[in-house]
Amino acid sequence: AKHYPLVIIGGGAGGCSVASRAARALGAGKVAVVEPAKNHYYQPMWTLVGAGIKTVDQSAMPMESILPKQCDLHKYKAVEFDPQNNTVTLSNGEQLAYDYMVVGMGIQINYDKIKGLVEALQQDPMVVSNYNKDYVLKTFPAIKSFKGGNAIFTFPNTPIKCAGAPQKIMYLAEDYWRKHGVRDKVNISYNTSLPVIFGVKKYAARLMEIVKKRNINVNFRQNLVQVDHHNRKAVFQLLDSEKGETETYDYDFLHVSPPMSAPEPLKNSKASMVDAAGFLDVHKETLQHKTFPNIFGIGDCTNVPTSKTAAAVACQNRILFKNLQSVMSGQAPKSLYDGYTSCPLITSYSKCILAEFDFDGQPLETFPFDQGKERRSMYHMKKDCMPQLYWSMMMKGRWAGPKIFRKSMHLGMSR
Ligand code: FAD
Ligand code: UQ1
């Protein structure tokens with residue numbers, strides 16, 4: 001097995017930002033990145049792609065061009081972990097040995113868990129989904145060509161990345177239909193597995209006002225289980241029904257947020273590597289593995305109990321790397337993560353609520369005004385500033401989240 005001081009699994013938001021910091025500190029040939037994908041995608045842009053505001057090409061960069069040159073890129077999947085022997089096996093059969101490993105494999109998307117969905121996504125132009133680089137291309141044409149009827153937006157019965165995304169596209173579509181004279185003919189439903197519209201009280205209250213004002217039906221505890229695109233019917237399991245009842249809706253437009261799970265290679269790994277659900281089992285504050293001190297985890301593939309976002313990864317990458325350096329030099333990890341995460345809840349083609357909060361669901365807002373209000377400034381921040389910040393700072397290992405701004409804008413009075 002080829003040996004590296006540091007092996008990083010995944011070249012996404014977490015893997016790439018950590019790789020950049022590590023390459024700078026350790027130099028050439030010391031860091032391996034295992035990543036099969038041709039492109040790195042800035043997925044937060046896909047909401048805007050679905051609304052026709054950006055193109056998928058704007059969200060993509062060739063993997064080679066974005067990962068630091070000093071890293072060795074292995075263009076294969078990690079398929080098997082052996083943390084007792086500090087090795088990982090790749091899909092070409094090769095093994096890599098490591099002193100330290102960072103796992104940032106993201107979360108797995110499972111469209112195939114919903115009966116009939118893959119066929120519907122492939123064959124029905126009105127069944128769309130922003131959670132995939134190909135299906136997101138269908139969203140705006142469907143919104144544009146929609147002439148009325150039932151429009152349904154779903155939220156699955158699993159943890160997902162960017163818990164706001166299933167409803168952001170709904171607000172954008174609603175705004176589009178209103179501006180183009182079809183809103184009167186559209187009946188909009190948000191069918192969510194959750195018992196609330198959003199996990200943080202402050203923002204949930206504002207969103208409930210918005211859905212009421214804009215005449216959107218919210219159906220709680222309903223989970224999409226089947227799509228019959230021939231008859232344009234969508235079947236939802238009623239999660240609070242003891243008899244396992246379902247409700248069938250006719251749809252004319254359907255945006256699906258798919259069920260997700262821990263990545264297969266983690267789920268299949270030896271028990272001590274992951275928690276019961278298959279997510280990498282790390283300390284939520286230090287991001288160090290609970291059983292294997294030479295392993296760290298970042299982003300969507302870990303069991304850190306916060307909302308899975310790129311904004312969370314922004315904070316985590318610096319904390320992780322500082323702790324990795326401490327452990328490498330024989331010290332205890334000292335840098336602690338507070339759970340910071342953020343969800344820019346776009347509510348129209350010109351407005352956004354910038355939700356920011358911590359492990360306890362307490363708002364942790366950067367700007368010195370109420371971010372629970374819909375604002376044009378926050379829309380432009382999301383649309384124009386964030387992509388820049390992501391590509392030119394975060395991917396270079398030079399962005400650790402907005403904490404420094406939060407502190408200065410609140411005159412040092414914020415956490
Ligand atoms: P990813 O960035 O997904 O990277 C994981 C990488 O691991 C991928 O490159 C993948 O190819 C690779 N990989 C997978 N399996 C293997 C394997 N077996 N071996 C090796 N490599 C592997 N976040 C926000 O902050 N704000 C938003 O507004 C926002 N909106 C979103 C909207 C949508 C539609 C989507 C889909 C996501 C959104 N997110 C948003 C979430 C954000 O994109 C993720 O939380 C973030 O990318 C997580 O980073 P990560 O490194 O954990 O995973
Ligand atoms: C952020 O840092 C980040 O990572 C680059 C995001 O991902 C796209 C975000 O959506 C947000 C909101 C932040 C937080 C940054 C500021 C300036 C509030």
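Reading the values: rules and limits
Residues numbered from 1 in each chain as written. Chains lettered and ligands numbered in written order. Predicted model: local features only at pLDDT ≥ 70, side-chain atom pairs only at ≥ 80, totals over all residues. Heavy atoms only, no water. Phe/Tyr/Trp six-rings, centres within 6.5 Å; stacked < 30°, edge-to-face > 60°. Helix = DSSP H or I, 4+ residues; strand = E, 2+ residues; numbered from the N terminus. Buried < 20%, exposed > 50% of the residue type's maximum accessible area, 1.4 Å probe, protein only. Lys NZ or Arg CZ within 6 Å of the ring centre and 35° of its normal. Contact = heavy atoms within 4.5 Å. Pairing = 2+ DSSP bridges. Lys, Arg positive; Asp, Glu negative; His and termini not counted. Salt bridge = Lys/Arg side-chain N within 4 Å of Asp/Glu carboxyl O. Polar contact = N/O pair within 3.5 Å; in protein donor to acceptor, adjacent residues only side chain to side chain. Near = heavy atom within 4 Å. Areas by Shrake-Rupley, 256 points an atom, 1.4 Å probe, with all protein chains shown as cover. Nonpolar A, V, L, I, M, F, W, Y, C, P; charged D, E, K, R; others polar. Domains from an automatic or database assignment. Buried area = accessible area lost by both parts, 1.4 Å probe.

What follows is about the packing of aromatic side chains. Going through the model one piece at a time under the given rule, you end up with 17 aromatic pairs. Centre to centre, the rings of F146 and F253 are 5.7 Å apart; their planes meet at 55 degrees, and the pair counts as tilted. Of the two residues, F146 sits in the loop between α5 (136–145) and β11 (149–155) while F253 sits in strand β17 (residues 253–255), which places them 107 residues apart along the sequence. Residue F253 is classed as buried on the basis of its relative accessible area, which comes to 0%. Aromatic pair Y337 and F359: ring centres 5.5 Å apart, planes at 75 degrees, arrangement edge-to-face. With Y337 in the loop between α9 (310–328) and β20 (341–346) and F359 in the loop between β21 (352–357) and α10 (376–393), the pair connects residues that are 22 residues apart, well separated along the chain. For Y337, a relative accessible area of 2% gives the class buried. For F359, a relative accessible area of 18% puts it in the buried group. An aromatic cluster of three or more residues is present, and its members are F146, F153, W177 and F253. Residue placement shows K284 over the ring face of F359; its charged tip is 4.6 Å from the ring centre. Above the face of the F279 ring, K308 is positioned so that its terminal group lies 4.6 Å from the ring centre.

A few words on the side chain of T341. By the element assignment, T341 lies in strand β20. Discounting residues that sit within four places of it in the chain, T341 has contacts with T306, S307, T309, A312, A355, E356 and F357.

Before going further, it helps to spend a moment on the pairing of strand β14 (residues 222–228). Relative to strand β15 (residues 233–238), β14 runs antiparallel, the two being bridged by 6 bridges. Paired with Q226 across the bridge in β15 is V235. Counted between consecutive antiparallel strands, the loop separating β14 from β15 contains 4 residues, among which R232 sits at a positive phi close to 50 degrees.

This next bit is on the side chain of R21. You can see R21 is positioned in helix α1 (residues 13–26). D338 provides the closest opposite charge to the buried, salt-bridge-free R21, at an N-O distance of 14 Å. One polar contact links R21 to N317, side chain to side chain, over a distance of 2.5 Å. If we ignore the near neighbours within four places in the chain, the residues touching R21 are N317, R318, F321, G397, R398, W399 and A400.

With that settled, consider the site of ligand 2. Around ligand 2 sit 15 residues, and of these Y42, Y340, S342, M386 and W399 come closest. Contact distances for ligand 2 include 2.8 Å between an oxygen atom and a side-chain N or O atom of W399. Contact with the protein chains hides 95% of the accessible area of ligand 2, taken as 440 Å² for the molecule alone. Among the elements of the structure, α9, β20 and β21 are those that each provide at least two residues to the shell around ligand 2. Looking at the shell around ligand 2 element by element, the count peaks at 3 residues for α9. The class makeup of the residues in the shell around ligand 2 is 12 nonpolar, 2 polar and 1 charged.

This part is about the domain arrangement of the protein. Size of an interface: often given as the accessible area lost when the parts come together. Split into domains, the protein comes out as domain 1 (2–107 + 262–337) and domain 2 (125–258). Across the contact, 15 residues belong to domain 1 and 18 residues belong to domain 2. Here domain 1 and domain 2 share an interface that buries about 1,300 Å² over both sides, 68% of which is from carbon and sulfur atoms. Per-residue buried area on domain 1 facing domain 2 is highest for W46, T47 and G50; these three make up 38% of the total on that side. Our enumeration of links across domain 1 and domain 2 arrives at 0 salt bridges.

Before going further, it helps to spend a moment on the site of ligand 1. Lining the immediate environment of ligand 1, one finds 34 residues, of which G14, E35, D300, A310 and A311 sit closest. Between ligand 1 and E35 there is a distance of 2.6 Å, counted from an oxygen atom to a side-chain nitrogen or oxygen. Here an oxygen atom of ligand 1 sits 2.9 Å away from a polar atom, N or O, in the main chain of A311. Surface burial for ligand 1 is 90%, taken as the share of its 1,000 Å² of free accessible area covered by protein chains. Going through the elements one at a time, α1, α2 (46–50), α6 (165–179) and α9 are the ones with two or more residues in the shell around ligand 1. Of the residues forming the shell around ligand 1, the biggest block, 3 residues, is contributed by α9. Inspection of the shell around ligand 1 shows a minimum of three residues originating in each of domain 1 (2–107 + 262–337) and domain 2 (125–258).

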